[in-house]
Amino acid sequence: QVQLVESGGGLVQAGGSLRLSCAASGRTFSMSPMGWFRQAPGKELEFVAGISSSGGSTSYADSVKGRFTISRDNAKNTQYLQMNSLKPEDTAVYYCAASRQWTTTIYRRTNDYDYWGQGTQVTVSS
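Residues numbered from 1 in each chain as written. Predicted model: local features only at pLDDT ≥ 70, side-chain atom pairs only at ≥ 80, totals over all residues. Heavy atoms only, no water.

**Observations regarding the sheet that holds strand β3 (residues 18-25)**
Piece 1. Spatial strand order, β1-β3-β8-β7: four strands in an open sheet with antiparallel pairing. Of all the strands in the sheet, just β1 (3-7) and β7 (68-73) have a single pairing partner and so form its edges. Neighbouring strand axes in the sheet, compared pairwise and without regard to direction, differ in orientation by 15° on average.
Piece 2. Here β3 runs beside strand β8 (residues 78-83); their pairing, made up of six bridges, is antiparallel. (Pairing = 2+ DSSP bridges. Helix = DSSP H or I, 4+ residues; strand = E, 2+ residues; numbered from the N terminus. Axes fitted to C-alpha atoms, helices over the stretch in contact; angles between N-to-C directions.)

**Thoughts on the side chain of Asp-112**
Piece 1. Tracing the backbone through its elements, the reader meets Asp-112 in the loop between β9 (92-98) and β10 (115-116).
Piece 2. By relative accessible area, Asp-112 is classed as buried at 18%.
Piece 3. A polar contact of 3.0 Å, which involves the side chain of Asp-112, links it to the side chain of Arg-109.
Piece 4. The contacts of Asp-112, once residues within four sequence positions are left out, are Ser-99 and Tyr-107. (Buried < 20%, exposed > 50% of the residue type's maximum accessible area, 1.4 Å probe, protein only. Polar contact = N/O pair within 3.5 Å; in protein donor to acceptor, adjacent residues only side chain to side chain. Contact = heavy atoms within 4.5 Å.)

**Points about the pattern of salt bridges**
Piece 1. The final tally for this structure, using the stated rule, is six salt bridges.
Piece 2. Residue Asp-114 pairs with Arg-100 through a salt bridge whose shortest N-O separation is 3.3 Å. Note that Asp-114 is positioned in the loop between β9 and β10 and Arg-100 in the loop between β9 and β10, a separation of 14 residues in sequence.
Piece 3. Residue classification places Asp-114 among the partly exposed positions, given a relative accessible area of 31%.
Piece 4. Residue classification places Arg-100 among the partly exposed positions, given a relative accessible area of 41%.
Piece 5. One salt-bridge network, in which partners are shared between bridges, spans Arg-38, Glu-46, Arg-67 and Asp-90. (Salt bridge = Lys/Arg side-chain N within 4 Å of Asp/Glu carboxyl O.)

Rendered as structure tokens:
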């Protein structure tokens with residue numbers, strides 16, 4: 001059974017930092033794209049960042065570019081999201097996602113991902 005488990009969420013003041021982790025189990029994702037999405041109250045799920053299977057290529061939403069960094073450690077079957085200079089508008093439940101496809105492509109759409117974590121709350125106070 002494939003599981004993605006996020007950790008690292010919490011409450012932080014504006015301007016602060018958090019690092020989210022997403023540990024995968026049940027299969028290896030070293031040949032597959034992974035990514036992060038978020039959903040704020042009353043809003044749709046939105047793409048935050050994506051990373052290629054090797055980790056050599058990344059993609060970001062314009063709203064987080066320059067502040068967030070996605071990375072992965074294939075030996076640990078884990079991906080990360082380093083979030084700096086956090087803003088109140090970054091408040092959301094953050095979800096990690098992984099694809100079952102073996103590809104070097106970075107995915108940005110929810111429909112491209114097959115596995116999802118349970119989500120971790122990030123709250124940024126002003």
